[in-house]
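Architecture and fold: a report
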There are 2 protein chains.
Amino acid sequence: MTPEQLFSPVVGARPHEAILDQVERLLSAGLIRPGDRLPSERVLAERLGVSRPTVREAMRTLEALGVVLPTQTVGRGSAAVVAGRADAALGAVLRLAIATSGLSVPDIVDTRVLLERHAVSRLARAPEPRLDAAEALLREMDDAGLTPERFHAADVRFHIALADAAGNRAVALMMSSLRHAIEGYVLDLVGGLDDWPTVCRRLRVEHRGILAAVVDRDADEAARRVEEHIRAFHDVATGVR
Amino acid sequence: MTPEQLFSPVVGARPHEAILDQVERLLSAGLIRPGDRLPSERVLAERLGVSRPTVREAMRTLEALGVVLPTQTVGRGSAAVVAGRADAALGAVLRLAIATSGLSVPDIVDTRVLLERHAVSRLARAPEPRLDAAEALLREMDDAGLTPERFHAADVRFHIALADAAGNRAVALMMSSLRHAIEGYVLDLVGGLDDWPTVCRRLRVEHRGILAAVVDRDADEAARRVEEHIRAFHDVATGVR
């Protein structure tokens, strides 16, 4: 089957949504995969029986959702390529959803605790936990010259590295989305701290403690430490302690 | 400040993303809220210094993300209205992300267990749990004439009602997104069952058991029952039992 034969004419009042649905079904069925090139705008418009602007809008949406790679630099009308992992784009989407829904900080903190306790205790129970990525990030965060922003970026990657290594992709995806979603808020908090060097030293010690518990295969201790770490950071940053 | 003064000229190579960022920041800051009308396409294009098609594409993306209400029926060029809760759209997005990322069924089941154990045990500890919505859905599912599809839709709403009542919006949002995301897969499973009436009776009993534990304020028992319920359903549906 040629790529364009995968798509079928769109019927109904909302062609834009119908195109997204078709792409989703083709992805779910494994008929299109990351790295595949979709038919060009012109071919898709013919095949789907819709206008080229409609195809373009659907492609832009898929691009915003991280499902296809950006084609803007290549020029209009060119074929889109299916993207790999959609975590970062999903983060952008969750950020918008959180902005619209008005989630509260305590709810976000509790959800982080829930997802991250699960991740580190699962990792501590893994037969051969892969910890290289997390360890490399700890070394990166030892650099005393890091700005709070760069430290925070490495910190987020450390937590996501643990979740990735723990192996539940769904939990890792939600965790990284939530982290990307609250990034702006956390950076605002960090920017308002009186004594960043002290906080930063404490975060380093806590990170090493979490990893040590994982290395010791102590799932309960790893879960306890990650919870304490998350709650302490939010308490410091919001001025409770 | 007039609505158009909230927006500022877009700079850089990716105007489409810059527009999404501006909308997100305005939402986060509470400067635009659900129900508000955004400036018209024409006004936005002038204010942002971009073409009208670029504004239209950004609005379509926001529409796909559930951030603004669909304007298609009202006609092109009209002003978009900020939407309320973005759960359903977020579900569509997560569904695409899951399709791209190829999440496994065991990971999805474990994530459901994690989120739903948290929700019901939190609900069982609430001072005055609001259970009317969940109870009404149990009565709806007692109707012996329901098709598997309608039963399943009420079943999903029952689980989401418990999470909503539990009060952590972030967990409820992720749970409902995940449920919407796996809807097609679950309906395929249900459609392949030999003995739907038996499965259906068992699901009813299990639902009442979960609610009874919540009413008894037994958080551990409620968590245990919801986990057993989720795992048993996936085992039956995938033919393990």
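Parameters at a glance
Residues numbered from 1 in each chain as written. Chains lettered and ligands numbered in written order. Predicted model: local features only at pLDDT ≥ 70, side-chain atom pairs only at ≥ 80, totals over all residues. Heavy atoms only, no water. Helix = DSSP H or I, 4+ residues; strand = E, 2+ residues; numbered from the N terminus. Buried < 20%, exposed > 50% of the residue type's maximum accessible area, 1.4 Å probe, protein only. Contact = heavy atoms within 4.5 Å. Expected span 1.5 Å × (residues − 1). Axes fitted to C-alpha atoms, helices over the stretch in contact; angles between N-to-C directions. Parallel < 35°, antiparallel > 145°, perpendicular 65-115°, else oblique. Left-handed = near helix turned anticlockwise from the far one by under 90°. Nonpolar A, V, L, I, M, F, W, Y, C, P; charged D, E, K, R; others polar. Polar contact = N/O pair within 3.5 Å; in protein donor to acceptor, adjacent residues only side chain to side chain. Salt bridge = Lys/Arg side-chain N within 4 Å of Asp/Glu carboxyl O. Core = buried A, V, L, I, M, F, W, Y, C linked by side-chain atoms within 4.5 Å. Phe/Tyr/Trp six-rings, centres within 6.5 Å; stacked < 30°, edge-to-face > 60°. pLDDT = per-residue confidence, 0-100.

Where an unreviewed UniProt entry is consulted, chain A appears under the name Transcriptional regulator, GntR family, with the organism given as Micromonospora echinospora.

This brings us to the overall build of chain A. Summing up its helical and strand segments, chain A has ten helices and zero strands in all. Reading the secondary structure of chain A in the N-to-C direction produces α-α-α-α-α-α-α-α-α-α. Out of the 241 residues belonging to chain A, those deemed buried represent 56%. Contacts in chain A between residues far apart in sequence, at least 24 positions, make up 69% of those at least 6 positions apart.

Moving on to helix α9 (residues 196-215) of chain A. Residue and element names in this part refer to chain A. Relative to the 28 Å expected for 20 residues at 1.5 Å per residue, α9 spans 29 Å between its end C-alpha atoms, a close match to the ideal helical length. For α9, the complete set of buried residues consists of W196, V199, C200, L203, R204, E206, H207, G209, I210, L211, A213 and V214. In the segment just after α9, R217 is the residue with positive phi, at about 60 degrees.

Attention now moves to the environment of R14(B). Mapped onto the elements, R14(B) comes out in the segment before α1 (15-28). Sequence separation between R14(B) and T54(B) is 40 residues, and the spatial gap between their C-alpha atoms is 10.0 Å.

All names here are of chain B. Structurally, E116 can be placed in helix α5 (residues 105-124). Among the residues examined, E116 registers a relative accessible area of 2% and is labelled buried. Those residues within four positions of E116 in sequence are excluded, and the remaining contacts are H159, M175, R179, V226 and I230.

Quick look at the packing of helix α2 (residues 41-48) of chain A against helix α3 (residues 52-64) of chain A now. Residues and elements named next belong to chain A. Running from N to C, α2 and α3 point in directions that differ by 110 degrees, and their axes come no closer than 9 Å. With respect to α3, the element α2 is oriented roughly perpendicular. Our pair here, α2 against α3, has a crossing hand that is right-handed. From α2, E41, R42, L44, A45 and L48 reach across to α3, where they touch R52, V55, R56 and M59. Across the contact of α2 with α3, the residue classes break down as five nonpolar, no polar and four charged.

All names here are of chain B. Along the polypeptide, S121 turns up in helix α5. Taking relative accessible area as the criterion, S121 reaches 12% and is therefore assigned buried. Here the side chain of S121 touches R117 through a polar contact of 2.7 Å, landing on its backbone oxygen. Not counting residues up to four positions away in its chain, the partners in contact with S121 are A219 and A223.

Next up on the list: the pattern of salt bridges. Across all of its chains, the model carries 30 salt bridges over all chains by this definition. Two residues, R202(A) and E206(A), come together in a salt bridge whose shortest N-O distance is 3.3 Å. Linking R202(A) with E206(A), this pair stays in helix α9, spanning four residues, or about one helical turn. Put simply, E227(B) and R231(B) hold a salt bridge, and the shortest N to O gap is 2.9 Å. With E227(B) and R231(B) both in helix α11 (residues 219-237) and four residues apart, this pair spans about one turn of that helix.

Attention shifts here to the nonpolar core. Among the nonpolar cores identified, the biggest contains 92 residues, and L115(A), L162(A), W196(A), L115(B), L162(B) and W196(B) are the most heavily contacted of them. Residue contacts for L162(A): discarding those within four places in its chain leaves V120(A), L123(A), A134(A), I210(A) and L211(A). With 47 residues, the next largest nonpolar core counts I32(A), V68(A), L20(B) and A80(B) among its residues.

All right, on to the packing of aromatic side chains then. The description of an aromatic ring pair uses the distance of the two centres, along with the angle that the planes make with each other. Residue and element names in this part refer to chain A. As enumerated under the stated definition, the model contains two aromatic pairs over all chains in all. Relative to W196, the ring of F151 has its centre 5.4 Å away and its plane inclined at 80 degrees; by these criteria the two rings are edge-to-face. Remark: W196 occurs in helix α9 and F151 occurs in helix α7 (residues 148-166); sequence separation between them is 45 residues. Like F151, the residue W196 is buried in the burial classification.

The backbone of R217(A) sits at a positive phi, close to 60 degrees, despite the residue not being glycine. Locating R217(A) in the fold gives a position in the loop between α9 and α10 (219-237).

Another aspect to go through is the environment of E128(A). Inspection of the secondary structure puts E128(A) in the loop between α5 (105-124) and α6 (132-141). Separated by 87 residues in sequence, E128(A) and V215(A) have C-alpha atoms that sit 9.7 Å apart.

Overall, the prediction assigns chain A a mean pLDDT of 82, with 82% of residues at 70 or greater. Taken element by element, chain A is modelled with least confidence in helix α4 (residues 87-101) of chain A, mean pLDDT 61, and with most confidence in α6(A), mean pLDDT 97.

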